[in-house]
Amino acid sequence: MSGGLGEERWEVQANTVCEYFAHHCGAGSVQLHAPIVVDSQEARDMLMKQFFIRDVLEKARKADIAIVGIGSSLQYFELKESYLHGLDKNDDEIKERIKGDISYNYFDESGKTVDCCWNRQLMALTLDELWHIPEVVCAVSEEEKAESIFIAMKESLFTTLVTTVVIGKKLLHIYGKEKQQKKI
């Protein structure tokens, strides 16, 4: 459902994880041979029309189940610096708006896609396309992602959460704080 991150992070590449998961479940997999982001929105639009990319993403759109990861807002700047090579004048404003990502799609506090160069140049299914998949399983184990998970859960960006007890407790704590603030 998304392009790859390059050689330095091969163990968390969508293609690698998909292949590993399929192999251990006795299933097959389809590879999307494309980078996670490209140099411009025009390049993205052109590549998305190519048969080998369009075909894989069309199969992903028709999936009954998707397994996705979630990221925190901090990862945006690491990935942007690594893959888009540089900052721009809108980064401070974008930093305030980004609350996390699902399948590399950065979202705001309302669970809506943030209008930023990363999302415009991303080679992946969009949040809207993911939303149309009947079962979206979010798997996460990093505690620092609790706020991102809570927003995505509250905004129904996934249907099932697989996580740790520690994160579950953090989510309940965030929920309690939010409920308390609404009473005031």
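Relevant structure appears above.
Values in this document were obtained by computation on a predicted structure and should not be read as measured data.

Student: So, the pairing of strand β1 (residues 65-68): which residues are in play, and what are the values?
Tutor: In the case of a regular strand, side chains alternate between the two sheet surfaces. With burial as the criterion, only one face of β1 is covered, namely that bearing Ala66 and Val68; the residues Ile65 and Ile67 on the opposite face remain uncovered. Across four bridges, the pairing between β1 and strand β5 (residues 135-139) is parallel. Paired with Ile65 across the two strands is Glu135, which belongs to β5.

Student: Account for the sheet that holds strand β6 (residues 160-162), naming residues and giving values.
Tutor: Two strands in a sheet stick together by hydrogen bonds in their backbones, pointing the same way (parallel) or opposite ways (antiparallel). Strand order in the open sheet formed by three strands is β1-β5-β6, and the pairing between neighbours is parallel. A single partner strand is all that each edge strand has here, and the edge strands are β1 and β6. Averaged over all pairs of adjacent strands, the angle between their axes in this sheet comes to 20 degrees, without regard to strand direction.

Student: Break down the sheet that holds strand β3 (residues 100-102) for me, with residues and values.
Tutor: Taken in spatial order, the three strands of this open sheet run β2-β3-β4, and their pairing is antiparallel. Single-partner strands in this sheet number two, and they are β2 (70-72) and β4 (105-107). Put simply, the sheet's adjacent strands are angled 30 degrees from each other on average, direction ignored. Alignment of β3 against β4, held across three bridges, turns out to be antiparallel.

Basis of the calculations
Residues numbered from 1 in each chain as written. Predicted model: local features only at pLDDT ≥ 70, side-chain atom pairs only at ≥ 80, totals over all residues. Heavy atoms only, no water. Buried < 20%, exposed > 50% of the residue type's maximum accessible area, 1.4 Å probe, protein only. Helix = DSSP H or I, 4+ residues; strand = E, 2+ residues; numbered from the N terminus. Pairing = 2+ DSSP bridges. Axes fitted to C-alpha atoms, helices over the stretch in contact; angles between N-to-C directions.

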